[in-house]
Amino acid sequence: MSQLVATIKKINSIDNLNIVEFDFHGLTLKMMSLDLNTDVQVGKKVKLSVKPTNISIAKNLIGEISLSNQIVATIENLENGQLLSSVSLKVHNTLLESIITVDSSKRMNLQIGDEVSIFIKASDLSIGEVLND
């Protein structure tokens with residue numbers, strides 16, 4: 001599980017549906033959730049979690065995309081297996097892992113040091129822990 005620490009900056013709720021906005025080093029990330037713990041409040045620091053298989057990578061992307069969470073990252077490490085590639089991505093001082101197919105890694109000619117865009121659907125981001133300051 002990849003994790004990043006962010007601060008809750010806004011919560012929009014209608015019935016049981018919640019869109020939570022976070023500040024992560026000046027970037028806005030969004031999470032869609034049906035139920036929220038009462039500890040989840042504006043101003044609280046949280047540890048966000050995302051599965052490595054839910055982090056998509058783009059290189060030289062042009063145009064608009066509907067995914068809420070778009071972050072520029074640098075490839076720190078790349079391990080190609082027979083079917084899958086593990087891509088270590090650095091965003092500020094946070095390391096995230098993306099698992100993609102080897103075919104995608106080769107097609108995009110991914111290299112250590114490349115700057116890429118990573119994408120996470122709002123429904124794939126979750127609060128793993130509310131941190132006590």
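### Topic: the overall build of the chain
Helix and strand content of the chain: one helix and 10 strands. Seen in sequence order, the chain has helices and strands lined up from the N terminus as β-β-β-β-β-β-β-β-α-β-β. For a compact globule of 133 residues, the expected C-alpha radius of gyration is about 14 Å, and the chain comes in at 15 Å, within 12% of that figure. Principal axes of the C-alpha set define a box for the chain whose edges measure 45 × 30 × 25 Å. Considering the chain as a whole, with its 133 residues, one finds that 36% of them fall into the buried category. Restricting to contacts in the chain with at least 6 residues of sequence separation, those with at least 24 account for 62%. For the chain, the accessible surface area stands at approximately 7900 Å², while carbon and sulfur atoms represent 45% of it. Side chains of the chain carry 12 positive and 15 negative charges; the gap between the two charge centres is 2 Å.

### Focus: the side chain of Ser105
Tracing the sequence through the fold places Ser105 in helix H1 (residues 102–107). For Ser105, a relative accessible area of 2% translates into the label buried. Once residues within four sequence positions are removed from consideration, Ser105 is found in contact with Leu78, Asn80, Ser85, Ile100 and Leu110.

### Structural notes on the pattern of salt bridges
Counted under the stated rule, the structure contains three salt bridges. Between Lys30 and Glu21 there is a salt bridge; the shortest N-O distance is 4.0 Å. The buried category is assigned to Glu21, whose relative accessible area is 13%.

### As for the sheet that holds strand S5 (residues 56–58)
Read across the sheet, five strands follow the order S5-S9-S6-S7-S8 without closing on themselves; strand pairing throughout is antiparallel. Each having just a single partner strand, S5 and strand S8 (94–101) make up the two edges of the open sheet. Adjacent strand axes in the sheet meet at a mean angle of 45 degrees when their direction is disregarded. Summarising the sheet, strand S6 (residues 69–80) and strand S9 (residues 115–120) pair through six bridges and their orientation is antiparallel. Counterpart to Gln70 in the pairing with S9 is Phe119.

Parameters at a glance
- Residues numbered from 1 in each chain as written.
- Predicted model: local features only at pLDDT ≥ 70, side-chain atom pairs only at ≥ 80, totals over all residues.
- Heavy atoms only, no water.
- Helix = DSSP H or I, 4+ residues; strand = E, 2+ residues; numbered from the N terminus.
- Rg over C-alpha atoms; globule rule 2.2 N^0.38 Å.
- Buried < 20%, exposed > 50% of the residue type's maximum accessible area, 1.4 Å probe, protein only.
- Contact = heavy atoms within 4.5 Å.
- Areas by Shrake-Rupley, 256 points an atom, 1.4 Å probe, with all protein chains shown as cover.
- Lys, Arg positive; Asp, Glu negative; His and termini not counted.
- Charge placed at Lys NZ, Arg CZ, Asp CG, Glu CD.
- Salt bridge = Lys/Arg side-chain N within 4 Å of Asp/Glu carboxyl O.
- Pairing = 2+ DSSP bridges.
- Axes fitted to C-alpha atoms, helices over the stretch in contact; angles between N-to-C directions.

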